[in-house]
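Each chain, written out:
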Amino acid sequence: MFPTPMLKCNSPSVFLQVTFASFIMSFGLCIQVGIAYPEFQQFSEKNSGRTTNCASCHENATGPAGNGSGQIGSLTIEEFAKLNEARTAFEPGKDVDSPILNRFGDLLIKKLGKRKVLEDRKEPAKLASDYGFQSDIDQDGIPDAQEFLDGTDPQNQHHGDAWRLFVVNINRYAPHIIAAAIGVLLLDWGFARMIGGFMAIKRARKKRST
Amino acid sequence: MSSGHPRTSKNLLSFIADRFPVDKLNFHHMVEEKRVPIHRMSWGYYTGGLTALFFLIQVVTGLFLLFYYQPTVSDANISVEFISHHVAGGALIRNMHAWSSSCMIFSAIVHLLTAFAMKAFDKPREITWISGVLLLLITFAFGFTGYLLPWNQIAVNATKVGLQSVEDLSQCLPPFLAGLPRVLRETFQGEASIGQSTLGRFYAMHIVLLPLAIASLLGLHLLCVQLHGMSKGVDKETDKSERFFPFFIFKDLFIWAIVFLGLFTVSICVPFDSFLPYPLLAPYDPLAATPPGIKPEWYFYFVYYPLEMLPFPVIVALSNILMAVLFLTPWIFKGTSRRTLQTLALSATAYLIVMTLFGEQIVHFVKP
Amino acid sequence: MMDTFLFIALPYVAFVICVIGTIIRIKKWPVSYSALSSQFLEPKALMWGSVPWHIGIVVITVGHLLAFCFPGLWQSMMGKAEILLATETIGFAAGVVCLAGLIVLILRRIGSSKVQAVTSTMDLIILGLLLAQVLLGLAVALHYKYGAAWVSGTASPYLFSLFTLQPNLQFIQDLPVAVKAHMVLAYLLILLIPFSRLIHMFAVPLQYVFRPAQNVVWNNPRHSEASEANYQQEEARREFIKGAAGITLGCGVLAIGTVDKVYNFFFGPRLSAKEEEEIMSTRLKRLQMTANQRKLELERQTSNFILVSALSDLKANEGKYFIDFNMNTAMAFAGEDGLPILMSAKCTHLGCTVSNQVDEKGQVLCPCHVSFFDVKTGKPNAGAPAKNPLPMLPWAIMDKRGKVIAERAASGQITGDTALSSIKECNVYITRDLEGKA
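Participant: Which residues make up the overall build of chain B, and what are the values?
Facilitator: When its secondary structure is counted, chain B shows 13 helices and two strands. For 368 residues, the compact-globule formula gives about 21 Å, and the C-alpha radius of gyration of chain B, at 23 Å, lands near that figure. Scored against the burial criterion, the 368 residues of chain B give a buried share of 49%. Taking all contacts inside chain B whose residues are at least 6 apart in sequence as the whole, residues at least 24 apart take part in 81%.

Laid out in C-alpha cells, this is it:
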C-alpha cells in the first residue's frame, strides 16, 4: 500500500538521509490524496535535489485534501462551483480559476488541458516542455517551467536557482552595479592618490633632512 | 591578613599595568606612531578591519529593517515578506543584512585563525585575544538570535532544535546540576514551548543586548589593538614596516570599498533565501509536522555535523575543550613557534572547510 | 517660412560656418585660438565671475548634451520623480550660478578701464547673447516646469532629425516662443564661435590636470636639494587634490546610488487596492491563527479534559495532530484493539514534530534526524538518534453526555468498559496528568 521510494541519482551529494526522509514525507503527504498528482513533485525533487511540497501547484502546502485553507474540506458553495468548472477543462485554452490550485497550477491546466496533465504523469519531465518556457509568473527572470525543474518556488520573486538568479539579475541591475563600480573605482583611485601624496610628503621630508 | 594576599593583588596590578601602560595611552602613540610590519603574512592584518566593515553594514541595514519588522508571532513573517516584496529597496537591504552576517562570521573566523597563526595573542596582547574570542561568540549569538526573527519553518524549527540541545546538556552534568540546562532553555524560551515570549526575548537580545555587548567589547578590543600595535606576525624579524596612519588605514579603506562592491553585487543579484528549499520559507505553523531538511546556518555546520555523527557527550566534551583552549591560548601556546601555530591554524582551517562543504556527505558516509 | 529658415536653414548654416571657421582660424591664426585672457589686468572680479560662470555652464551643457545624445536613457531616468526633481533643481541652481557669474563678468567689462581697453565689440555682443540665453533658459525652467522630462519628446527628436538630414519641424511646432527663442539664440552662438573668444571652448587645458609637476632644475647645488624637496611637496599637493577629487566623486556617486535605493524606503510602499487587501487578509488570517493558539492555551489551563476527536474518526495509518497539555504537538491513532493510541509527537531527540504518516512497519518518522518510532509502543528503532520512546498520553473516552466510559491512566493502566460496542459512538479526550503533576 505504501510505495518504497526508489532513489537512483548520479550525484549522491544531494541525496542524503534528510532528503530521503523528505521523500517518505512527501509520498505520505500527497499519496493520500487520490486526486493530486505526486509524480510531478517527486520528479521535481529528483531532478533538482531540493525538497519541495504541494505548494508548487496547489494553494495548500499539504495538497488539496483536508480542511485547511485552499483544501477541499473548507470550500464554500461558490468555490465548489469553481472547482467543478475547473475540472471540466480537459482541453487546453480554458481559463481556470480553481480554489485548490495556485496560479501556476491554474496556468498549467489552462495551457495543457487536464487530459495532457494526466498523460504527463507517466513522464513528468514532459510537463515542463509542454508548458513552455515563456510564462514567468513571479517575474524573477526564470520561467515557471524551469522553476519546476529546479524545484524552486514559481510564485516567489525572491526564490530561484541561485546561479540562474545571479545571471538574470546581473543583467537586470547592470546599470546599478556599473554605477556602484564606477563609484568604488573613483573612491579607490582617490585613496591610492592619497597614499601617493603621503608618499611624496615622506620623500620631501627625507630630502629636507638629508 | 595572609601574606599571600598583597602579593596576588600586586601581581594583578602589574598584570594590568603591563596590558594598559598609561604612558602609551595617548593619540600620539596609538595612532601617529603606530607601525604595521610588512611581510608575507601582512594580509592577515586586514581581516579584522573587514569584520568591522561587515559589522557596520549590519548596524546600518539592521536599523533600516527595524522600520518595518514586527516582532510578534502573528506579524513577524508577514512583515519580513512585506519588506522583501513591497518596500522600495527592502529586498536589497534584507539581503545585504543576511549576506553581510555570513560574511561577518566568515571574516571573524579567518581573523581568529590568522591572529592565531601570527601569534598575535602573545604578551602583552592576552586581553586583545580574549576579547576577540568573546566577540566571535557574540557574533555567533547574533547569528542564532537573528535566524529566528523571520518566524518561518526553518527559523523556528532550527531554533527549537538548538534550544533542545541546550537541555540535552543535562545528561552530561552531575546530578545536582542536571536541572540547570532546563532552566536555561526555559529562560531563553520564555515559555513551555517556543512562542511569542521566545521571539520577544530573541528580538531584545538581537537588537539591544548583543549590540551593547559587542560595542563595548569592540571598544576594548580596538583600544588594545591600537595600544600594543600590530604584532610582528612572523618569527623572523622584518625591518620593513609602514605607518598605520595614513598608509595602512587608506589601504584598509581601499579594500573596504572593493568588498562593499562585491557585497552589493551579490546582495542585489542573489536572494539569500534561494539556498533553502521553499517549503522551509513558509510561515511557521505550530500544528504541522516539522518539514524535512531543518539545518542551522552554514556557520554552525562545523559543530552540527559532528553532532550528527558522534554521541552528544563527546561533542560537549570536545567543545568544552575547544572553549578552554581558545580562552587559554595566550598561556598554552606561549612558547610555541609561529611555524607550529601556522600548521595548527592550517589544519583547523582544513577541518572547517571540509566539515562545512562536505559535512553532509561525511555524515552520509559514516551513517549510511 | 520663418520657421523653416530659423529651425532648418539656420542650424545647418551655423554648424557649417562653425566647423569651417574654426578650422580656418586654427590653421591661419593659431595664436588666437584662446580665450584672450585678461587675468593679469584684473584678477579679482574675474575669479568671482569666471569660476561660477564656467562651473554653471559646464553642468548645464552636460545636461543638455545628455538629454540630446541619449534620449532613451534620459527619459527612463526622468520617469522617476526623485531623479526628475533632482535634475531640475541641479539645472536651475547651475543656471543661477551662471547668471551670477555672467553679471559679474559684464560689470567687470563695463567697470574696469583696463579691461575695457582690450574689449572688442564682439565680446560685448557675446556677453549680451549669453545673458539673454541664460535668462531665457531660466525663464523656461521656471515657467514651463519639468523641461528635463518633456524635452525628450520635443527638442530631442527634432535635433535628431536635423542630424539625420531629415529635418522634421513637427516635433517643435507647438513649443512656446521662449523655448524657440532659446534655440535660435543657441544657433547664433554656435555661428559666432569662430569669430569670437568662444573658440576657447575647443582649447580646454585638460592635460594640465594630468601633466606631472614641473621640476625646476638648478645648477646651484645648494638649491638642487631644496628644489627636489619642493618638487615632492608639489607632487604631494597634486596627489592630494586628485585624491580628494576621486574620494568626493566616488562618495558622491555612491551617495546618489544609496539615496536612489533607500529614498522611498521610509515612505512605505504605494500599494494597489488589491495588494492592500491581500496583505490585510493575510494579516487577519495570521492573527486568527494566533488567537486560536491562545484559545488552546487557555483551554489547557482551565480544563482537565480536552477533546481530541470522535473515536470513529481516528485512523490506523494516519495520526490526527492535536495539542497536549504542555502546548506540544501530539497525535492520535486508532489501535488494533479499537482503543485510541495517543502519543506525543515531540521527538525525544531534539524536539521536532514527528510525522503522522504510518509506514508499512507500523512506524512514524521524525524528519529531522531520521528516527522511526513504533506507533504501538512509541519506541524508537535501534540505532536511531532518539533514545527514549515517545511518551504515551493518558486519555479518557466519554459518551455524548460527558460520562467517562473508559480511561487510560498515565501509568498505562486501562480501566472502564472497553467493549467496542459501548465506545463506538464516543469521543476521545486527553486528560490532565494529575498524578504526574503532583
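Participant: Explain the domain arrangement of chain C to me, and be specific about the residues and the numbers.
Facilitator: Splitting chain C by domain gives domain 1 (2–206) and domain 2 (298–437). Taking only C-alpha atoms, the centre of domain 1 of chain C and the centre of domain 2 of chain C are 87 Å apart.

Participant: Account for the packing of aromatic side chains, naming residues and giving values.
Facilitator: Per the counting criterion, the structure on display carries 38 aromatic pairs over all chains. Centroid distance Tyr46 of chain B to Phe248 of chain B: 4.8 Å. Interplanar angle 20°. Geometry classified as stacked. Taken as a pair, Tyr46 of chain B in the loop between β1 (35–37) and α3 (47–66) and Phe248 of chain B in helix α10 (residues 244–269) lie far apart in primary sequence, 202 residues in all. For the pair Tyr46 of chain B and Phe248 of chain B, one class covers both residues: buried. Positioned above the aromatic ring of Tyr131 of chain A, the side-chain terminus of Lys111 of chain A is 4.8 Å from the ring centre. Lying across the ring of Phe244 of chain B, Lys34 of chain B places its NZ or CZ 4.1 Å from the centre.

Participant: If you had to explain the interface of chain B and chain A to someone new, which residues and values would you point to?
Facilitator: In this assembly, 35 residues from chain B lie in contact with 41 residues from chain A. Summing both partners gives a buried area of about 3,400 Å² for chain B against chain A, and 74% of it is carried by carbon and sulfur. Put simply, chain B and chain A have zero salt bridges between them. Counting only elements with at least two residues in the side of chain B that touches chain A, the list comes to α4 (76–85), α10 and α13 (338–366) of chain B. The greatest single-element share of the side of chain B that touches chain A, amounting to 13 residues, is contributed by α10 of chain B. Looking at the side of chain B that touches chain A residue by residue, the class counts come to 23 nonpolar, eight polar and four charged.

Participant: So what about unusual backbone geometry? Which residues, and what values?
Facilitator: All names here are of chain B. Of note, the amide linkage connecting Lys123 to Pro124 takes the cis form, showing an omega dihedral of 10°. Structurally, Pro124 can be placed in the loop between α5 (90–117) and α6 (126–148). Along the chain, Phe245 connects to Pro246 via a cis peptide bond; the corresponding omega equals 5°. You can see Pro246 is positioned in helix α10. A positive phi angle, close to 55°, is found at Lys119, a residue other than glycine.

Participant: Which residues make up the packing of α3 of chain B against α5 of chain B, and what are the values?
Facilitator: All names here are of chain B. Where α3 contacts α5, the two axes come as close as 8 Å, and the packing angle between them is 155°. On the basis of the axis angle, α3 is roughly antiparallel to α5. Crossing hand, α3 versus α5: left-handed. In terms of residue class, the contact of α3 with α5 is built from 12 nonpolar, 12 polar and one charged.

Participant: Can you break down the pattern of salt bridges residue by residue, with the values?
Facilitator: For the structure on display, the rule yields 31 salt bridges over all chains. Taking the shortest distance from any N to any O, the salt bridge between Asp75 of chain B and Arg283 of chain C comes out at 3.3 Å. Here Asp75 of chain B, found in the loop between α3 and α4, pairs with Arg283 of chain C, found in helix α12 (residues 273–302), and the two come from separate chains. You can call Asp75 of chain B buried: its relative accessible area is 12%. Beyond isolated ion pairs, a larger network of salt bridges with shared partners links Glu91, Arg115, Lys116, Glu119 and Asp130 of chain A.

Participant: Quick rundown of the environment of His369 of chain C? Include the residues and the values.
Facilitator: One can find His369 of chain C in the loop between β5 (363–366) and β6 (371–374). The class for His369 of chain C is buried, based on a relative accessible area of 8%.

Participant: Quick rundown of the nonpolar core? Include the residues and the values.
Facilitator: Counting residues in each nonpolar core, the largest one holds 51 residues, and the members touching the most others are Tyr69, Leu148, Trp151, Leu199, Ile214 and Phe264 of chain B. The element best represented in this core is α10 of chain B, accounting for eight residues. If we skip the residues at most four places from it in the chain, Ile214 of chain B touches Phe55, Met104, Leu135, Ile138, Thr139 and Phe142 of chain B. Within the second largest apolar cluster, 44 residues are counted, among which are Phe7, Ile8, Ala148 and Leu192 of chain C.

Participant: A description of helix α12 (residues 312–332) of chain B should follow, citing residues and the corresponding values.
Facilitator: All names here are of chain B. The principal kink in α12, of about 45°, is found at Leu326, preceding the proline Pro330 by one to four residues. If you check which residues of α12 are buried, you get Phe312, Ile315, Val316, Leu326, Thr329 and Pro330. Packed against the buried residues of α12 are α5, α6, α7 (153–168) and α11 (301–309).

Participant: Tell me about the sheet that holds strand β4 (residues 340–344) of chain C, and please be specific about residues and values.
Facilitator: All names here are of chain C. Taken together, the three strands give an open sheet; going across it, the order is β2-β3-β4, and neighbouring strands pair in antiparallel fashion. Where the open sheet ends on each side, the last strands, each with one partner, are β2 (320–323) and β4. Ignoring strand direction, the axes of neighbouring strands in this sheet form an average angle of 30°. Of the pairings in the sheet, the one linking strand β3 (residues 329–334) to β4 comprises five bridges and is antiparallel in character. Across the sheet, Phe333 pairs through a bridge with Ile341, a residue of β4.

Participant: Residue-level account of the pairing of strand β7 (residues 395–398) of chain C, with values.
Facilitator: Sheet faces and side chains relate simply in a regular strand, where the side chains alternate between the two faces. Residue and element names in this part refer to chain C. The two faces of β7 match: Trp395 and Ile397 on one face and Ala396 and Met398 on the other face are all buried. Bridge count for β7 against strand β8 (residues 404–408) is four bridges, and the pairing is antiparallel. The residue bridging Trp395 from the neighbouring strand is Arg408, located in β8. A loop of five residues connects β7 with β8, the two strands running antiparallel in sequence, and Gly402 in this loop sits at a positive phi of about 90°. Relative to strand β10 (residues 427–431), β7 is paired through four bridges, and the arrangement is antiparallel. Counted as the bridge partner of Ile397 is Val428 from β10.

Participant: Kindly report on the sheet that holds strand β1 (residues 305–310) of chain C, identifying the contributing residues and their values.
Facilitator: Residue and element names in this part refer to chain C. In spatial order, the strands read β1-β10-β7-β8-β9; together these five strands make up an open sheet with antiparallel pairing. Looking at the sheet topology across the chains shown, the edges are occupied by β1 and β9 (414–416). Within the sheet, the average angular offset between the axes of one strand and its neighbour, ignoring direction, is 25°. Relative to β9, β8 runs antiparallel, the two sharing three bridges. If you follow Arg408 over to β9, its bridge partner there is Ile414.

Participant: Tell me about the interface of chain A and chain C, residues and numbers included.
Facilitator: Counting residues at the interface gives 32 residues for chain A, matched by 33 residues for chain C. Carbon and sulfur atoms supply 70% of the area buried between chain A and chain C, which totals about 2,800 Å² over both sides. Applying the counting rule to chain A against chain C returns one salt bridge. Between Glu239 of chain C and Arg193 of chain A there is a salt bridge; the shortest N-O distance is 2.9 Å. For the pair chain A and chain C, the number of links is five residue pairs in polar contact (both at pLDDT 80 or more). Of all the elements in the fold, those that place two or more residues in the side of chain A that touches chain C are α1 (17–31) and α8 (174–209) of chain A. At 21 residues, the largest contribution of residues to the side of chain A that touches chain C is made by α8 of chain A. Partitioning the side of chain A that touches chain C into residue classes produces 18 nonpolar, 10 polar and four charged.

Participant: Tell me about empty space enclosed by the protein, and name the residues and values.
Facilitator: Residues and elements named next belong to chain B. A complete count under the given rule lists two cavities of 30 Å³ or more for this structure. Its volume calculated, the second largest cavity comes out at about 50 Å³. Of the residues forming the lining of the second largest cavity, the biggest block, three residues, is contributed by α5. Counted by class, the lining of the second largest cavity contains three nonpolar, three polar and two charged residues.

Participant: An account of helix α8 (residues 180–189) of chain B is requested, with residue identities and associated values reported.
Facilitator: In an α-helix, one full turn covers 3.6 residues, which means residues spaced three or four apart are oriented alike. All names here are of chain B. Looking at α8, one finds that the buried residues are Pro181, Arg185 and Gln189. The buried residues of α8 occupy an angular sector of 65° when the element is viewed end-on, so they sit on one face. The secondary structure elements touched by the buried residues of α8 are α7 and α9 (196–228).

Analysis parameters
- Residues numbered from 1 in each chain as written.
- Chains lettered and ligands numbered in written order.
- Predicted model: local features only at pLDDT ≥ 70, side-chain atom pairs only at ≥ 80, totals over all residues.
- Heavy atoms only, no water.
- Helix = DSSP H or I, 4+ residues; strand = E, 2+ residues; numbered from the N terminus.
- Rg over C-alpha atoms; globule rule 2.2 N^0.38 Å.
- Buried < 20%, exposed > 50% of the residue type's maximum accessible area, 1.4 Å probe, protein only.
- Contact = heavy atoms within 4.5 Å.
- Domains from an automatic or database assignment.
- Phe/Tyr/Trp six-rings, centres within 6.5 Å; stacked < 30°, edge-to-face > 60°.
- Lys NZ or Arg CZ within 6 Å of the ring centre and 35° of its normal.
- Buried area = accessible area lost by both parts, 1.4 Å probe.
- Salt bridge = Lys/Arg side-chain N within 4 Å of Asp/Glu carboxyl O.
- Nonpolar A, V, L, I, M, F, W, Y, C, P; charged D, E, K, R; others polar.
- Axes fitted to C-alpha atoms, helices over the stretch in contact; angles between N-to-C directions.
- Parallel < 35°, antiparallel > 145°, perpendicular 65-115°, else oblique.
- Left-handed = near helix turned anticlockwise from the far one by under 90°.
- Core = buried A, V, L, I, M, F, W, Y, C linked by side-chain atoms within 4.5 Å.
- Bend = angle between axes of the 7 residues up to and from the residue.
- Pairing = 2+ DSSP bridges.
- Polar contact = N/O pair within 3.5 Å; in protein donor to acceptor, adjacent residues only side chain to side chain.
- 1 Å grid on protein atoms, 1.4 Å probe; cavity = no way out; pocket = protein on both sides within 12 Å on 5 of 7 lines; lining within 4 Å.
- Points joined across faces, edges and corners; volume = space filled by probe spheres on them.
- Arc of directions from axis to C-beta.

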